[in-house]
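Architecture at a glance
One-letter residues, chain by chain:
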Amino acid sequence: MNNVKIKSKNLNVYYGEKQALFNVNLDLNEKEVTALIGPSGCGKSTFIRCINRMNDVIDICKVSGNIEIDGVEINDKNLDVVSLRERVGMVFQKPNPFPKSIYDNISYGPKIHGKGETKSELDEIVENSLKKAALWEEVKDRLDEPGTGLSGGQQQRLCIARAISVNPEVILMDEPCSALDPIATAKIEELIDELKKTYTIVIVTHSMAQAVRVSQKTGFFHLGKLIEVGKTEKIFKNPDNKMTQDYITGRFG
Amino acid sequence: MTKEQRLKKRHNAEKRFRFYGLASIFFALLFVLILVHNIFSKGSSAFMKTAINVEVFYDKDLLELEPGASEEEILEADFFDITIESLLKVYPAKNMDEEDALIELFTTDAEIEIKKAFLNNKNLIGKKINLEITASDDIDQLHKGNYPRDLPEDRRRISNFQLEIYDVLVENKTITKNFNNYFFKNGDSRDPEIAGIGGALVGSFYSILICLLLAFPVAVLASIYLEEFAPKNKITDFIEININNLAAVPSIVYGLLALQILLATIQLPRSTPLVAGITLALMTLPRIIIPCRASLKAVPPSIREGALAVGASKFQSVFHHVVPLALPGTLSGTIIGLAQALGETAPLILIGMVAFVVDIPSTPIDPSSSLPVQVYLWSESAERGFVEKTSATIMMLLSFLIVMNFLAVYLRQKFEKRWN
């Protein structure tokens, strides 16, 4: 069992009057893939957006409770979100490359964080990131072409490469394959398997099969509450909770 | 109703709708055509001017100039006598009245034209040269066919004797039509044949330039702040409503505001492009902010999130990603705002640009006219020559507007990035 990397304690999230998360206590282990499952609107995405403070963007969103990364509280007004997001990367549901060249998509992060002072250092970061995202072979001859011109699966791997480029510790993935076809999905899953050796990964997914394939730990959310969490094998074979059982067998959701 | 009947009814409804649509487009185009035809048929002749070929003798004794006279001496010299001498040679006049009538065929600026020709070639002293002297407004209009010559003499501005001279000139082919450079070069004048839009062009240019320099940066910064940084609360809602209301405020109100604040309180010089530019900037500001905010809003939030997620600060995500993507829309919105400002008349009349200004302004704080105000001024004048000049000025104004609008469309299509 790996060390705990991220720890949430009594996490509550409100969108205006509406409460989206209720007292979530969840530990995420280092260099492991944790899958979060549950019906739409159950709060999985809200939860992972707390980890890199993306909820700050939403005016009406209020977060209370604690989230610690390596024992350090991050849900703190005085914390610099820029350095937090340097440590916690994110990949979104829909591939969102910048409408710039493939090279600029990757080099943007390192540039703003002052990594890669020289052109050759940047070139190296771009190459490494693309290699880690298993995209290098496909794009190495057209780095100056727009990132938006790639196929959907390639765009998503470009976004993963972009997240890797700043060398984070954690990568959050919010349904990364929901806009992709099965072949592209298979490639991303293979990639996640490879990436977990280096990074702590949290993935939100609607596909049970995907959760089983990629994760070591699974959490089931329902109506803003964390219903059950445990080893993926256990959750899918022998869940403790009746609702989890119903959800994974497709009886609701 | 059977199925076939219902189907037929549906098809008929569709046909009727198509017919209404086509009819409305037809009417809209018809009115545009009538407008354009009206302006062109009246205005196109203003780009030509009528001139009469006159033999000028630069008589040393009449000019009281020696060969090799300096520029100042020439400028001070009296060209009136040789002008009269030269003009009278065009047709034999029997008495003083006839001489006056003959001289009336030429522009009041004939003396200046003869002087200018001499300044261009100072070796002409004691020599003869043929010059194209601009004809008077009445002859100009007569030659262009805009003047009815079958009216009884007492209701005509051109006498029978003058008509007789004109016919002889036409027969001798000494009367010609040339390109009217005065129309573009000269300032306003009481004499239509030498009046031009030079002053109005420069005045409009300065006004729009000042308007751009003031309105663009303020509007862009205001929209970026409101759209990206400002908290969404009652105050920003209130500001937003007010910006939309300001965009709909009649332009004459801005004129009154400028009159009170810029002219009466701050005491800026009246009738100047500076004041016009500031007034137009006030008026254009909300009209630029609205499209500017719309184009910022059109940038998908996923781009902002993508930037934030790699650790860009709010400022970096806005200025590295959102603003460049919104720039084409912002620029085209600005150009369209400026095009509206270019055609604005009412506020400029209030700040005194309606004054009669002959000189072409050399700085933005010289009194000046502007294109739309020039249209307004000339449309009130009785002389036939000003009718064609009014339409020609409208043509110039419209062509500037069309060029600006095309530029806006071009910028948007060329630089707008697509994303999926």
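Fair warning: this is a prediction, and the values are worked out from it, not measured in the lab.

Scanning chain B from terminus to terminus reveals 18 helices and 3 strands. Taking 22 Å as the expected radius of gyration for a compact globule of 420 residues, we find that chain B reaches 30 Å, considerably beyond that expectation. Considering chain B as a whole, with its 420 residues, one finds that 39% of them fall into the buried category.

Another point: the overall build of chain A. Helix and strand counts for chain A come out as 10 helices and 10 strands. For a compact globule of 253 residues, the expected C-alpha radius of gyration is about 18 Å, and chain A comes in at 18 Å, within 12% of that figure. Each principal axis of the C-alpha atoms in chain A carries an extent, and together these give about 55 × 45 × 35 Å. Looking at chain A residue by residue over its 253 residues, the buried ones come to 45%. For chain A, long-range pairs separated by at least 24 residues make up 68% of all intrachain contacts whose partners lie at least 6 apart in sequence.

Residues and elements named next belong to chain A. Structurally, Glu-228 can be placed in strand 10 (residues 225-231). In this structure the C-alpha to C-alpha distance between Glu-228 and Thr-244, which are 16 residues apart in sequence, comes to 7.2 Å. With residues up to four places along the chain from it excluded, the contact list for Glu-228 reads Phe-220, Ile-235, Pro-239, Asp-240, Asn-241 and Thr-244.

What follows concerns the sheet that holds strand 2 (residues 18-29) of chain A. Residues and elements named next belong to chain A. Read across the open sheet, the 4 strands follow the order 2-1-4-5; overall the sheet is antiparallel. In the strand order of this sheet, the two ends are held by strand 2 and strand 5 (72-73), each with one partner. Inspection of the sheet shows strand 1 (residues 4-15) paired to strand 4 (residues 61-69) by 8 bridges, in the antiparallel sense. Looking at the pairing, Val-13 lines up with Val-63 of strand 4.

In this section: the interface of chain B and chain A. Facing the 18 residues of chain B at the interface are 22 residues of chain A. Ranked by the residues each element gives to the side of chain B that touches chain A, the list is headed by helix 14 (residues 301-309) of chain B, at 6 residues. Tallied by class, the residues present in the side of chain B that touches chain A amount to 8 nonpolar, 7 polar and 3 charged.

All names here are of chain A. Counted residue by residue, helix 3 (residues 102-112) has 8 buried out of 11 residues, so it is predominantly covered. All of the buried residues along helix 3 are Ile-102, Asn-105, Ile-106, Ser-107, Tyr-108, Gly-109, Pro-110 and Lys-111. Looking at the packing, one finds that the buried side of helix 3 touches helix 4 (119-132), helix 5 (136-139) and helix 6 (152-164). Downstream of helix 3 by one or two residues, Gly-114 has phi in the positive range, about 70°.

Let's shift gears to the sheet that holds strand 7 (residues 170-174) of chain A. All names here are of chain A. The strand order 6-7-8-3-9-10 describes an open sheet built from 6 strands, whose pairing is mixed. Edge positions in the sheet fall to strand 6 (88-91) and strand 10, since each of these pairs with one other strand and no more. Adjacent strand axes in the sheet meet at a mean angle of 15°, parallel and antiparallel pairs treated alike. Of the strand pairs in this sheet, strand 6 and strand 7 are connected by 4 bridges, and their pairing is parallel. Across the sheet, residue Met-90 finds its bridge partner in strand 7, namely Leu-172. Against the sheet, helix 6 touches strand 6 and strand 7, its axis set at about 170° to strand 6.

All names here are of chain B. When its domains are assigned, chain B resolves into domain 1 (45-179) and domain 2 (198-415). Computed from C-alpha coordinates alone, the two centres of domain 1 and domain 2 are separated by 45 Å. Grouping the constituent residues of the side of domain 1 that touches domain 2 by class yields 3 nonpolar, 3 polar and 2 charged.

A word on the nonpolar core. Taken as a class, soluble globular proteins show a tendency for nonpolar side chains to be buried jointly. One finds Ile-51, Ile-171, Leu-172, Ile-201, Val-202 and Ile-203 of chain A to be the most contacted residues of the largest nonpolar core, which totals 70 residues. For this core, the element with the most residues is helix 6 of chain A, which contributes 6 residues. Apart from residues lying up to four places away in sequence, Ile-203 of chain A is in contact with Val-33, Ala-35, Met-173, Pro-176, Ile-192, Val-214 and Ser-215 of chain A. Residues Ala-276, Leu-285, Val-322 and Leu-350 of chain B belong to the second largest nonpolar core, which totals 58 residues.

Three or more residues of helix 6 (residues 110-120) of chain B are buried, namely Ala-110, Glu-111, Glu-113, Ile-114, Lys-115 and Phe-118 of chain B. On the buried face of helix 6 of chain B, the contacting elements are strand 1 (48-57), helix 3 (71-76), helix 4 (80-88) and strand 2 (128-134) of chain B.

Glancing now at the pairing of strand 1 of chain B. Where a strand is regular, its side chains alternate between the two sheet faces. All names here are of chain B. Bridge count for strand 1 against strand 3 (residues 175-179) is 5 bridges, and the pairing is antiparallel. Across the sheet, residue Lys-49 finds its bridge partner in strand 3, namely Asn-178. Summarising the sheet, strand 1 and strand 2 pair through 7 bridges and their orientation is antiparallel. Bridge assignment links Val-54 to a residue of strand 2, and that residue is Leu-131.

A pair of packed helices is captured by two measures, namely the crossing angle of their axes and the spacing between those axes. Residues and elements named next belong to chain B. Where helix 13 (residues 273-297) meets helix 15 (residues 314-342), the axes come as close as 8 Å, and the angle between the chain directions of the two elements is 150°. Judged by the twist between their axes, the crossing of helix 13 over helix 15 is right-handed. Across the interface between the two elements, Leu-280, Met-283, Thr-284, Arg-287, Ile-288, Pro-291, Cys-292, Ala-294, Ser-295 and Leu-296 of helix 13 pack against Val-322, Ala-326, Gly-329, Thr-330, Gly-333, Thr-334, Gly-337, Leu-338, Gln-340 and Ala-341 of helix 15.

Another point: the environment of Ile-139 of chain B. Position of Ile-139 of chain B among the secondary structure elements: in helix 7 (residues 137-143). Residues Ile-139 of chain B and Glu-305 of chain B, spaced 166 residues apart in sequence, show a C-alpha to C-alpha distance of 72 Å.

As a further point, take the confidence of the model for chain B. Segments scoring low in pLDDT should not have their predicted coordinates read at a detailed level. Chain-level pLDDT for chain B is 91 on average; 99% of the residues reach the 70-or-more range. Predicted complex metrics record ipTM = 0.90 and pTM = 0.86.

Our next topic: unusual backbone geometry. Despite not being glycine, Asn-23 of chain A has its phi angle at roughly 45°, a positive value. With respect to the secondary-structure elements, Asn-23 of chain A resides in strand 2. Positive phi, normally seen in glycine, also occurs at Ser-271 of chain B, with a value near 60°. In this fold, Ser-271 of chain B is placed in the loop between helix 12 (251-265) and helix 13. The class for Ser-271 of chain B is buried, based on 23 C-beta atoms found within 10 Å.

Our focus in this paragraph is the pairing of strand 3 (residues 33-37) of chain A. Residue and element names in this part refer to chain A. Within strand 3, 5 of the 5 residues are buried, which leaves the element mostly enclosed by the surrounding structure. Every second residue of strand 3 is oriented toward a common face, with Val-33, Ala-35 and Ile-37 on one face and Thr-34 and Leu-36 on the other, all of them buried. With 4 bridges connecting them, strand 3 and strand 8 (residues 200-204) associate as parallel partners. In the strand pairing of strand 8, Val-33 is matched with Ile-201. Strand direction decides the pairing type here: strand 3 and strand 9 (residues 217-222), joined by 4 bridges, are parallel. What sits directly across from Leu-36, in strand 9, is Gly-219.

A separate point is the environment of Leu-201 of chain B. Residue and element names in this part refer to chain B. With respect to the helices, strands and loops of the structure, Leu-201 is situated in helix 10 (residues 198-229). Here Leu-201 falls in the buried class, since 22 other C-beta atoms lie within 10 Å of it. Measuring from C-alpha to C-alpha, the distance between Leu-201 and Phe-26 comes to 35 Å, with 175 residues separating the pair along the chain.

Reading the values: the criteria
Residues numbered from 1 in each chain as written. Chains lettered and ligands numbered in written order. Predicted model: local features only at pLDDT ≥ 70, side-chain atom pairs only at ≥ 80, totals over all residues. Helix = DSSP H or I, 4+ residues; strand = E, 2+ residues; numbered from the N terminus. Rg over C-alpha atoms; globule rule 2.2 N^0.38 Å. Buried ≥ 20, exposed ≤ 12 C-beta atoms within 10 Å, placed from the backbone. Contact = placed C-beta atoms within 7 Å. Pairing = 2+ DSSP bridges. Nonpolar A, V, L, I, M, F, W, Y, C, P; charged D, E, K, R; others polar. Axes fitted to C-alpha atoms, helices over the stretch in contact; angles between N-to-C directions. Domains from an automatic or database assignment. Core = buried A, V, L, I, M, F, W, Y, C linked by C-beta atoms within 7 Å. Left-handed = near helix turned anticlockwise from the far one by under 90°. pLDDT = per-residue confidence, 0-100.

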